[in-house]
Structures are given as C-alpha cells and as structure tokens.
Amino acid sequence: MYLFVVRRLLMSIPTLIIVAVMIFCLVRALPGDAAIMMLGGNIDDEATLEMMRQQLGLDQPLPVQFVAWLRELFSGNLGISVLTGQPVGALLLDRFSVTATVVLLAMASALIVSVPLGLLAAHRHNSRTDYAIVVLTILKLSMPSFWVGLMLLVLFGAILGWLPTVGFVSLSQDFGLGVTYLILPVTSLALSEIAVMTRMMRAGSLEVMNRDYITHARAKGLPERQVLWRHVFPNAFAPTLTMVGIAMAGLLAGAAVTETVFTLPGLGKLLVDSIYGRDYPVLQGALLFIALIYVVTNLLIDIAYTFFDPKVRLT
Amino acid sequence: MSELETGSATDLLAIENLEISFGPLAVVKGVNLTVKPGEVLAIVGESGSGKSMIGRSILGLLPAPGRVTAGRIGFGEHEITAPSSPDELRLLRGRSIGLIFQEPLSSLNPTMRIGEQMFEAMRLHTDLSEAQIRERAIDMLRQVRLDRPEALLNRYPHEFSGGMRQRIMIASVMMLQPKLLIADEPTTALDAVVQREVLDIMQDVARANETAVILISHDLAVVARYADRIAVMEQGVLVESGPTRGVLSQPQHAYTRKLLSAAQLGAPSPIEGSSGKPLLQVENLSVDFSEKTMFGLFGRKVHHAVRDVSLKIAPGEFVGLVGESGSGKSTIGRAICDLAPMVSGRVIFDGQELDRLSRSEEQTQRRRIRVVFQDPFSSLNPRMRIGRIIREGLRHDRSATRSERQRAVEEMLEAVGLTAEMADRFPHALSGGQRQRVAIARALIAKPDLIIADEPVSALDVTVQAQILALFKRLQADYGFACLFISHDLHIVEQLCARLYVLHKGRLMEEAPTPVLFAEPRHPYTRRLLSASPRLEQGKDGLQLAETELADNEGDTVDYFDALRADEPYRLVETDAGHRVAVRGYAEIAP
C-alpha cells in the first residue's frame, strides 16, 4: 500500500508537467495585456508600459518565460500576484482552506444523510417512503444550485435574519461566528450532493438486494437492520464512492458558483478573479494546484475503494 | 398425483394446498408435500415449474411481489404461513431451516471474509463464545473436506473456486445443525466431478446431523442417487410424487415420463466425417495467460491454460472436447477463432495455415468458422431484433441484396425450428432454448464448414437439451458442417461426437473414438469423469440409476501422466487405432 502511494505520486509528475505546459500556453493565449491591467487600464505611454513588461518578464520570448516559471516552480516559488502583490503559494493555500472547509463539510453531511436515505428507499422499494424520497431528489436535481443558494440566503439571511448573508469568518479566528457563515453555503452544496448520492445509493442497493447473498443473509435469520448495514451497504456503496470522488475533486477545484453566491473567498473565486485581472502567476498557480487536487483526490478514492471491494488490489 | 399425501404427527414439514402467486399469476397451484425428519425429498421440474418458489416460501422469503395466496406450511409447531410474530419466522431461519443456493459464485457476500460470514449466524442463534464459534467453524470446514480451514477463515469468496465456495456454503449452513436443509439446485453450476463431490459431502453432513433435505433440481439423474422420494412439478402443479425407485421404474404421469426420457438422451448417433484431408488441424497449441506481479517490474506470473495440444477434425465430423471447468477446453475453441493469444502452435484450416495467410485471405478463411456460445442469455445483443442478429452473420457478403438476406434469415429461422415472424422480436421475449436456436441460426446462415460449439446446451433444461442436440443432428445432415463440440458432460458429447478428446489442466489426457472411450477408458482422469456422471438406464424392472461403476483397474500398471504434476515429462502414446493416452515420460503401453 505504501509502495502504491509512492508509485502513484511519482506517476503523477509527468501528468503535472504536461498540465503545466498546457496551462502556460493557454494563459499566454488569453487576449489582453497584463502590463496594461497592472497600470490601471488606459495607458498611452509606451515607455512606462515597456518598463512594466520588463518588470513582469513579459518581454522575454515564451520558451524563456516558461523555463523561468518552471525553475521557480521547482524551487517552490509560484510567483507574486500581479494584482495584490501577495506570494501566490500562500494565497492559494489561504483560499483553498476556505473551499476545503466548505466542501468537506458539505460532502460529509451529504454522505451521512444520503447513505441511510438511499438504503431506506431501496429497503422500502415501491412504498410511499420510496416514492417520497425519489420525488424529492428529482425536485432538488431539477433546481439550479445557485438558485437554491439564493433562496436560502433570502429566507434565512434576509427574511428571518438568522444567519449572515455576505462574507466569511475563518473558523480559527472566531469559531462560533465562523460556523454561522458556513451554514448556508454548506447546506446549499450538500443539498445538491444529497440528491445525486441518494439516487446512486438507492439504485446500487436495489441491485445488490436482488443478489443471492442477500437472500442468504436473510435465510441465516439475520435481522433486517444487520442485513442492510453489513451485507447491502458495503456492496452497494462502491458506485456511490466513485461518484463522491468525482464530485469532490470538482468541488475542491473551486465551487465557483456557490462561492460567488455566498461571496466566499475560495479557490473558485480566486480563479475567476485572476482570469478577469490577467493575473498570470495566480492563474497559472491555481490551475496547477487544481490538477494536483484531482490527482490526490483520485488517489484517496482508490485507496478508499479497497475497503469496500476486497477484489481491488493496490498494485 | 400418484399417491395422496396426508399429514401425520411425525412430519417435520407439512405443505397443504399451497398456492403462490405473483400478482394475478399463480406459479404454484395446490401443492401438497410432507417431509419426515431425516428424509431426503427431491423436487424436480424444469425452470419456471415453481419448484424454487416452494423452497423460498418455506423460509418465508419469496421474492417480491410473490405471495402465498392459499394453503398452509407447517414446520413442527410453527405455522410458517401465519407466524405469531414477525420474529418467530426469522429465528427459524438458519437455526432450524437452512438454505443453499444454486450459484455459489453469488451466494456469498463478496465484501466479507469467509469466517465473518460463518460466525454471524452462530452469534445470532447460539450463546457460544467467540473462541467456541471459531472452533465449530473450523471443525465444520474440515467436515466438508477443505484443507487448512484456519487459514480459510480470513479469506474472501473470490479467492475460491465454485466447488469450494459451495462447500463453504454447506459448512456455514450446516454449522447451525438445522432440522431441514433446502438445497436449491446446489450443484447445477458445477461440473460433473465437482458436483458429485459436493453432493456426497452434503449427504454425509446431513446424515451426520439427522437433517432432512429438500433437494430442488432440474436433473432427475442427479437427484435420483440421493433422494428417498421424488416429487415432480410441471407449471406449478405437482404431477407425481412417490418413492424414488417407484417414480423411476413406474412413472404414472406423462410429464414424468417425458422428463425421464430426456434424462436418458437415447442411443448415441455419432456423426462421422469424411475420410481424407482433415478440415481443421491444430498442432502443438499452447496458450498462456499472464498476470503482472509487483507493478510488472519483477516479472509475471504465467498460467499455462493450454499446453501442447494437437487435434484434428475431418470435414463433416463432430468431435467432442471434454474436461472440467478450467481445463482449457474453451480456450482451445477461442484460440482456433483467434480470440485467445497463441504462444505457440499452428492452426491449419482446409490445408492452409491461418497465421501465414494475408490479412484478407485469412479473413475469408475465418468466415468459414463460426461459434455458438454457452449462455444464450448473454450471447445475443438484447437491443437487436432477432432478424438483425441472424442477418449479422452475413455482413461480410456484399453481393447479397436486402431481400436476399431477408429470405436467408427467414429460411434459417425455419431451419432451426422457429417461425419467420420471430425475426421482429427481441431476445428477451424468447425462452432459453429458443435463444440458443437463434444463436445456431446466426452461426449457420453463412454456411460455415466448421462450428465451434462451446457448451451449447449446458445452460438449458434437460428436455430442451435433448431438442437442441436433435437439432444439431438434423442441421448437420442438411448443411454438412463439421463441429468441435466443447462440453463438460460426457453423456452430451456421446450423443453426437464420433471422436472425443479429454482435457485436464490444459493437456490432452486421452483421445479415442467415442464408443471406445466409453467401453475401455484408459486414463484415470477419464475414468473419474465417466463415473461422476450418473445417467438413467432401462433396467429389467423399468428405469433405474445407472452408475458407470467401472471395473477396477488394478491390473493396469501403466505410469499415466498426472496433470496435477504438470512439469513432469509428458507423452501421448497410441494404444489402438485412434486411441491415444497420456503417459509419464517414456512409459509404454502394450497395445
């Protein structure tokens, strides 16, 4: 297992280098000039502009720029934000911690709710409970998540006034206050995931429940609760887990819509801002970081898989 | 019904006037059955006869939406159809009534260790300590003749073969010492040698615990050996029941007689080919499957699926390839069609070595070979209509017009005993036997010279098996193709094949004309295969179970090759014309 992790991480290095090349090329292909943006837009003075370009290294040929960037990258230096002057590495970590808090909390609560709900729906297949669960999840799936977010804001923030509507306070700064800022974005994200995951879990469980080994478990005289949790759940959870992995990587890489709706200073918002601001160092760093998130999340999911499927060997 | 069964005080199980329905459809109608303590009752019938549903209803575990709509099931003091509390029934399960399924590959939970699966029911039903439970489990695994049971407990189901899983299953069910064991087609998925072994073990363990057994099966010949009484089901109705000997020798009901005659398969009628140049020659074929170990950096684990096999088929000849599962018989068939990678060897078809031909010539030759697979449920694309499935066999032929193809499809459908209207249906609307007819039509439409039939009747009911075999025979007379008939069942290949090859662990053990192989089998493995397949035979007082008890072979001191010791020197020697046997090293056989 240890060897497996090391090997997978080593294998991800070529992936990341290819991603780096693509990112670099794409970013340079963006229309607009970083130097102009730096100087505040309308600049006629060629000399100042030229000086700015020199300062940013933009006057060098592209391959030279790329090599310079890579060299800095390997020494752990992602550069300085053109817009704010902060080091990119620190900026990314700072923003990522916000996204990660929201996403991990949302995912955890979604799992806690949807796994039992999916099992219950399958257990009571074709009953009123099952129909209610199916209808509710479809209803939620057909609502855009930003709209649900906005409605939550309107109801709990504006009308009831129970929760703050704008901004973010870090948990380490003020835990109690921080939690109040987290509730709405976490709920909004979790609701979408619950809808998808409950349906996956229900479908997976229904399939497993037709298997002989479930009838065999019942024929042993096991109580239904034990049949569901010990026999149905581990077998039905694998497909849901795959989906959790994909969704998790996607969200960690920036839940841009949710972050915009709730004005959270997360990774997604940083990415969007850096695109508008032609903030090349931040944009490059953020994209590379996102690639890394995908690599790591997939690795974790593969490891988690072995707990649910003994046939999967990590080699 | 031959005799009216009435419940008595000594009955362990009493089923009275049982009716089971799925919605408006009754699948079991007015069935009466009793089982006495320690007795073995066989319920026999084709798929869809309702026999499995009776087994499930005794446990109160009918699949939804099935329900008992009339009648009663009494088990000892308990009313299964009207339990006093929901837990009454649940506590009977496992402890008093055990259940073993047909498919050992799917009846153990793949995500749970064997030990855990055995322990959990014990924890529920007994007050034994963990250590005692463990000891009982180990003892039980020993009783079903598994080696090193301590080590097995920590392993997962996928690490075992089908036969071993079924033994584990028996151990885990019998560990609770139930009074009644319901075995629903317990060995149908296993091949003859393993089937015999598993049933013997089940019988021994049941006898040791004085457990009554309900053995549900479609194969009369298999259950006849073990059952005290036989009950025959047809479309939900119990048509006949009585002591085994009586049912076999004096069947009362027409359906029983039909089942019995299907189980006998009739006299063999081998299909000889024409002499002269062979149609297919396989020379020294070997196929390896390799498994990467340790990231593929430190070599591979190689599994020799087929080793050094040579065989030939004459034009129009039916040749049988027999062996247990894992013997490599299907792999040979696949290698001939270029579906499995050959490591060495040559396939010569109609005088031409296929691998040496140019690509287009090779394709032309290969089109003359067609395949019929075992499982007609997965070999037909469920989203294609029957007509299109059969027409695909003609895809290579650009010259045929649309209407010509259509006519060919209709002709073919009629040739295999279906009707032309079926072309518009989808596979799911057909029965297993009908689907296999479609698969045969698809193979035959291009008028091939060779058909490779990979267990073409193993997935079918006994009565249907006989029909499909008869169909093969009739079609061969009409179209004149040769066939490599792959099967694990010696009695099936005996029906049609002129010559047989016996395969064990990838190597040929014996090759002989069919009558010779049955009359004078030489190799110990062939003898074991023969004695493991029971059949019914016409005796002096009606039908009886024919056990091919072979005469002791103690006089035979030949040093035969043992496939379990694979790396020893191996050689095939000819004893008679066309009869060759595998021996070790340079051992000789006096003709």
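Because the structure is predicted, anything quoted here is derived from the model rather than measured.

Definitions and cut-offs
Residues numbered from 1 in each chain as written. Chains lettered and ligands numbered in written order. Predicted model: local features only at pLDDT ≥ 70, side-chain atom pairs only at ≥ 80, totals over all residues. Heavy atoms only, no water. Pairing = 2+ DSSP bridges. Helix = DSSP H or I, 4+ residues; strand = E, 2+ residues; numbered from the N terminus. Axes fitted to C-alpha atoms, helices over the stretch in contact; angles between N-to-C directions. Contact = heavy atoms within 4.5 Å. Patch = residues over 30% accessible without salt bridge, like charges linked within 9 Å, V, L, I, M, F, W, Y side chains within 5 Å. Areas by Shrake-Rupley, 256 points an atom, 1.4 Å probe, with all protein chains shown as cover. Salt bridge = Lys/Arg side-chain N within 4 Å of Asp/Glu carboxyl O. Lys, Arg positive; Asp, Glu negative; His and termini not counted. Charge placed at Lys NZ, Arg CZ, Asp CG, Glu CD. Phe/Tyr/Trp six-rings, centres within 6.5 Å; stacked < 30°, edge-to-face > 60°. Buried < 20%, exposed > 50% of the residue type's maximum accessible area, 1.4 Å probe, protein only. Lys NZ or Arg CZ within 6 Å of the ring centre and 35° of its normal. 1 Å grid on protein atoms, 1.4 Å probe; cavity = no way out; pocket = protein on both sides within 12 Å on 5 of 7 lines; lining within 4 Å. Points joined across faces, edges and corners; volume = space filled by probe spheres on them. Nonpolar A, V, L, I, M, F, W, Y, C, P; charged D, E, K, R; others polar. Core = buried A, V, L, I, M, F, W, Y, C linked by side-chain atoms within 4.5 Å. Buried area = accessible area lost by both parts, 1.4 Å probe. Polar contact = N/O pair within 3.5 Å; in protein donor to acceptor, adjacent residues only side chain to side chain.

K.L.:
Honestly, the sheet that holds strand 7 (residues 180-184) of chain B in this entry has me stumped. Any pointers?
P.N.:
Two modes of strand pairing occur in sheets, parallel and antiparallel, and in both the strands are linked by backbone hydrogen bonds. All names here are of chain B. Sheet architecture is open: six strands sit in the order 6-7-8-3-9-10, paired in mixed fashion. One side of each edge strand has no neighbouring strand; the edge strands of this open sheet are strand 6 (97-100) and strand 10 (237-243). Averaged over all adjacent pairs, the angle separating strand axes in this sheet is 15°, with direction ignored. Contacting strand 3 (40-44), strand 9 (229-234) and strand 10, helix 10 (residues 254-264) runs over the sheet at an angle of about 105° to strand 9.

K.L.:
I tried to follow a negative patch on the surface on my own but got confused; where do I start?
P.N.:
On the surface, B:Glu410, B:Glu411, B:Glu414, B:Glu421 and B:Asp424 cluster together to form a negatively charged patch. Of note, B:Glu414 is situated in helix 14 (residues 402-415).

K.L.:
What am I meant to see in the packing of aromatic side chains here?
P.N.:
Residues and elements named next belong to chain B. The full count for this structure, using the stated rule, is nine aromatic pairs over all chains. Pairing Phe561 with Tyr570 gives two aromatic rings, centres 4.9 Å apart and planes at 75°, and the pair type is edge-to-face. Assessed through its relative accessible area of 18%, Tyr570 is described here as buried. Taken together, Phe318, Phe472, Phe481 and Phe485 form an aromatic cluster joined through their ring pairs. A cation sits over an aromatic face here: Arg507 above Tyr570, 4.4 Å from the ring centre.

K.L.:
What is the right way to look at empty space enclosed by the protein in this model?
P.N.:
Gaps left between atoms are located by rolling a probe of water-molecule size over the structure's atoms. Under the counting rule described, the total for this entry stands at four cavities of 30 Å³ or more. Taken together, A:His216, A:Ala219, A:Lys220, B:Gly94, B:Gly98, B:Leu99, B:Ala121, B:Ser172, B:Val173 and B:Leu176 make up the full set of residues lining the largest cavity. Secondary-structure elements contributing two or more residues to the lining of the largest cavity are helix 9 (212-219) of chain A together with strand 6 and helix 6 (162-174) of chain B. Grouping the constituent residues of the lining of the largest cavity by class yields five nonpolar, four polar and one charged.

K.L.:
Looking at this structure, I do not really get the nonpolar core. What am I missing?
P.N.:
Burial of nonpolar side chains together is a common tendency in soluble globular proteins. Residue and element names in this part refer to chain B. Residues Leu13, Ile54, Ile58, Met118, Leu180 and Met202 are the most contacted members of the largest nonpolar core, which totals 92 residues. Among the elements that take part in this core, helix 7 (residues 192-208) stands out by supplying seven residues, more than any other. Judged by nonpolar contacts, the second largest core, of 90 residues, contains Cys337, Ile440, Leu517 and Tyr570.

K.L.:
How do you make sense of the interface of chain B and chain A when you look at a structure like this?
P.N.:
Where interface size is given, it is often the accessible area lost as the parts come together that is meant. In this assembly, 30 residues from chain B lie in contact with 21 residues from chain A. For the pair chain B and chain A, the summed buried surface comes to about 2,400 Å²; carbon and sulfur atoms form 62% of the total. Seen at the junction of chain B and chain A, the total is three salt bridges. In this structure, B:Glu116 and A:Arg230 form a salt bridge, with 2.8 Å as the shortest nitrogen-oxygen distance. The tally of links between chain B and chain A comes to 13 residue pairs in polar contact (both at pLDDT 80 or more). Only helix 1 (51-59), strand 6, helix 3 (114-125) and helix 6 of chain B provide two or more residues apiece to the side of chain B that touches chain A. Considered class by class, the residues forming the side of chain B that touches chain A number 15 nonpolar, nine polar and six charged.

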